[in-house]
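Fold and geometry: a report
Okay, here's what each chain looks like letter by letter:
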Amino acid sequence: MRRLLLCTALALPLPATAQEASLWDALHPDRILTQILQSIVGAARTQARITYGDLSLSIVQGRLSVADLAVSVPLGAGGGSCDVAVRSLDLTSDDPLSLVQVSGRVDLRGLDLSDGCLAAMDAAPLAAMLPGDGARVPAMTVEYDYDPRQSSLDLRTDARIEGLAALSLAAEMPYFWVRSDETGEPVVDADVSRVTLALDNLGGFEMAQAFLPPAATDPETAAAFLMQGMQPAFADMGDGGPLPKSAKTFMAALAEGWAAFVTDPKRLVIESGFDPADPRTVDAAFVARLQSGPLPVIELLEPTVGTTSAAERARLDPALVARGLEAPGALTGEEARSLGLAHLRGDRAPRFTGQALVLLGPLVEAGDTEVAMALAEALATTDAEAAYAMALAAGPGGMARLRPLLDRLEGNLPFATRLRLQSVTPLPTPADAAGPAAELRARAEAHLRGVGAARSLWHATYYGTIAAAEGDAEARALLGQIDRGVPIADQAAWADLRAEAEAAATAAWLDRQGG
């Protein structure tokens, strides 16, 4: 028995640490990038004391994790230091291999800032209000979503300061880039459609009451007190000239919003007041004006003040959501469309993909190509087959971004599956085969591209064959393009389907000739 156990143990694979390292282990991208990060940390240690407990990353998973990070930055001649401690730091990418979307989040857990950090940020009054040394932020997240195609960027930051407040800052930019000016300096070039700053009271207001004059926290006098205090400060920003209308409007809105907040100190929201459909531009000239104070920001954003954000006010009626769950067939087409898209995107209603399919499926069958496109884009990363079916249905809508989506989806689907899904496209009628050869060739191209018609190799072959028989050289070239695009392993299956299309096209061509 002992001999059997010994032989069994010897047959087991050695632990990874005991196995001989390969060249791939030394050249693994994760290992190389880890060494680069360690070198960066080493270089940063010339400016600050930096230590960490552990560091791990995975390029394929799109993840970087750092545990027990500690940074101490000297504050100069005045002595002291800014000490930052982070229990865990995680950087994650939603899809590190995506070529059309760059999105992810940064998560910090157990963030501690010393009083020296608060003083360096001109937040010494906050340090005086907080109990103990410094500020503790149990959780902080930064979410980003960048679309390289449109160069659009959505940012959102959420932070909770223990015993004080929860803060969130969101910005939506239809266009964002950083370029160089004529001197080589970086210049922001952006369009801003919405900015929202929300503050939820977690004890900070009650703490501040001990430091503020009673008139500032009395609902009856808070607005007048704040307005009286703001006027000299805003006058100084205006360099002695008259204040712009946007500044006066903001002062009144802030005073009114503060009075509402002190009446029920739960939530305060400051948000851009212009129409998001008409974005405002941030450029080098705007950034230069910021040196004179915050007035340019007020003029740009025309901020409003309240207790709810525009997104919160736009939430769908819960009664409509409930009706959609109980009797989806009883909703009007517009109700089903609005509610279904909200469920699909998680915007204005909880994300509920299954319910979105129930509500939007009939609209796709009725020919709503915009809804089909929305479904295709939403399902692309979770269900390639369902997404492809929706992308085919969106074809007649002619959206330009449809073709690259179809191409990417086809890379994740067997050729036979693609042909099966394409086969639901209705067969051509005799009237469809009429018209000049150029028109038939255009139909073939639309079916091949999947833009302007559902992608279908059968239909592209059908129309291309008729056009080629009429003497259209481009149609003949298109038929060759179709054949070359079929994988070698699927040539036999395609040959049978191509024969069907050619037979139908020949019959249609004979009818055109009156035969």
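Owing to the predicted nature of the structure, the values given are computational and were not obtained by experimental measurement.

1. Points about the overall build of the protein
- Along its length, the protein carries 23 helices and 14 strands.
- By the compact-globule yardstick of 24 Å for 515 residues, the protein is too spread out, its C-alpha radius of gyration being 31 Å.
- Out of the 515 residues in the protein, the part that is buried amounts to 36%.
- Contacts in the protein between residues far apart in sequence, at least 24 positions, make up 56% of those at least 6 positions apart.
- By element, 59% of the accessible surface of the protein is carried by carbon and sulfur atoms, the whole surface being about 28800 Å².
- Looking at charge distribution, the protein has the averaged site of its 41 positive side-chain charges lying 5 Å from that of its 66 negative ones.

2. A closer look at the sheet that holds strand E13 (residues 280-282)
- Here 3 strands make up an open sheet; going across it, the order is E9-E10-E13 and the pairing antiparallel. With partners counted over all chains shown, the strands left at the sheet margins are strand E9 (175-180) and E13, one partner each. Averaged over all adjacent pairs, the angle separating strand axes in this sheet is 15°, with direction ignored.
- Pairing geometry for E9 and strand E10 (residues 186-192), over 6 bridges, is antiparallel. Across the sheet, residue Trp177 finds its bridge partner in E10, namely Asp189.

3. Points about the pairing of strand E7 (residues 152-161)
- Note that strand E6 (residues 135-147) and E7 share 9 bridges and pair antiparallel. When the sheet's bridge partners are listed, Glu143 is paired in E7 with Arg156.
- Counting the residues in the hairpin turn of E6 and E7 gives 4 residues, including Ser151, whose phi is positive at 55°.
- In the sheet, E7 pairs with strand E8 (residues 165-173) via 9 bridges, with the strands oriented antiparallel. Its bridge partner lying in E8, Leu155 is registered against Ala171.
- Here E7 hands over to E8 after 3 residues, with Gly163 in that stretch at a positive phi of 75°.

4. Some remarks on helix H3 (residues 29-44)
- The terminal C-alpha atoms of H3 lie 23 Å apart, and with 16 residues this matches the ideal 22 Å at 1.5 Å per residue to within 8%.
- Within H3 the residues assigned to the buried category are Asp30, Thr34 and Val41. Each buried residue of H3 lies within a common arc of 35° when the element is viewed along its axis, so the set occupies one face. Exposed and oriented more than 90 degrees from the buried face of H3 are Ser39 and Ile40.
- Among the structural elements, strand E1 (49-51) and strand E2 (54-58) are those in contact with the buried residues of H3.

5. Brief notes about the state of the cysteines
- Across all of its chains, the model carries 1 disulfide by this definition.
- At a sulfur-sulfur separation of 1.9 Å, the disulfide partner of Cys82 is Cys117. The S-S bond linking Cys82 to Cys117 shows a torsion near 100°; that makes this disulfide right-handed. With Cys82 in strand E4 (residues 81-93) and Cys117 in helix H4 (residues 115-120), this pair connects stretches of sequence that are 35 residues apart.
- For Cys82, a relative accessible area of 15% translates into the label buried.
- The class for Cys117 is buried, based on a relative accessible area of 3%.

6. Observations concerning the packing of aromatic side chains
- By the definition in use, this model includes 6 aromatic pairs.
- Between Trp458 and Tyr462, the aromatic rings sit 5.5 Å apart at their centres with planes inclined by 10°, giving stacked as the arrangement. Taken together, the positions of Trp458 and Tyr462, both in helix H21 (residues 457-469) and 4 residues apart, correspond to about one turn of that helix.
- Note on Tyr462 and Tyr463: the rings are 5.0 Å apart at their centroids and 80° apart in plane angle, and the pair reads as edge-to-face.
- Through successive ring pairs, a cluster of aromatic residues spans Phe205, Trp258 and Phe261.

7. A few points about the layout of surface pockets
- Reported here for the second largest pocket is a volume of approximately 830 Å³.
- Surrounding the second largest pocket, 23 residues form its lining, Leu167, Leu199, Trp258, Phe261 and Leu268 being those nearest its centre.
- For the lining of the second largest pocket, the elements supplying multiple residues, two or more each, are helix H5 (124-129), E8, strand E11 (194-201), helix H6 (204-208), helix H8 (222-237), helix H9 (245-263) and strand E12 (267-271).
- The greatest single-element share of the lining of the second largest pocket, amounting to 4 residues, is contributed by E11.
- Tallied by class, residues from the lining of the second largest pocket come to 21 nonpolar, 2 polar and no charged.

8. Thoughts on the nonpolar core
- Residues Leu344, Leu360, Leu375, Tyr388, Leu402 and Leu409 are the most contacted members of the largest nonpolar core, which totals 28 residues.
- Secondary-structure elements contributing two or more residues to this core are helix H14 (333-345), helix H15 (353-365), helix H16 (369-379), helix H17 (384-394) and helix H18 (402-410).
- When residues no more than four places from it in sequence are discounted, the contact partners of Leu360 are Ala336, Arg337, Gly340, Leu341, Leu344, Val371 and Leu375.
- Membership of the second largest hydrophobic core comes to 24 residues, among which are Leu440, Leu457, Val486 and Ala505.

Here is what the cut-offs are and how they apply
Residues numbered from 1 in each chain as written. Predicted model: local features only at pLDDT ≥ 70, side-chain atom pairs only at ≥ 80, totals over all residues. Heavy atoms only, no water. Helix = DSSP H or I, 4+ residues; strand = E, 2+ residues; numbered from the N terminus. Rg over C-alpha atoms; globule rule 2.2 N^0.38 Å. Buried < 20%, exposed > 50% of the residue type's maximum accessible area, 1.4 Å probe, protein only. Contact = heavy atoms within 4.5 Å. Areas by Shrake-Rupley, 256 points an atom, 1.4 Å probe, with all protein chains shown as cover. Lys, Arg positive; Asp, Glu negative; His and termini not counted. Charge placed at Lys NZ, Arg CZ, Asp CG, Glu CD. Pairing = 2+ DSSP bridges. Axes fitted to C-alpha atoms, helices over the stretch in contact; angles between N-to-C directions. Expected span 1.5 Å × (residues − 1). Arc of directions from axis to C-beta. Disulfide = S-S within 2.5 Å. Phe/Tyr/Trp six-rings, centres within 6.5 Å; stacked < 30°, edge-to-face > 60°. 1 Å grid on protein atoms, 1.4 Å probe; cavity = no way out; pocket = protein on both sides within 12 Å on 5 of 7 lines; lining within 4 Å. Points joined across faces, edges and corners; volume = space filled by probe spheres on them. Nonpolar A, V, L, I, M, F, W, Y, C, P; charged D, E, K, R; others polar. Core = buried A, V, L, I, M, F, W, Y, C linked by side-chain atoms within 4.5 Å.

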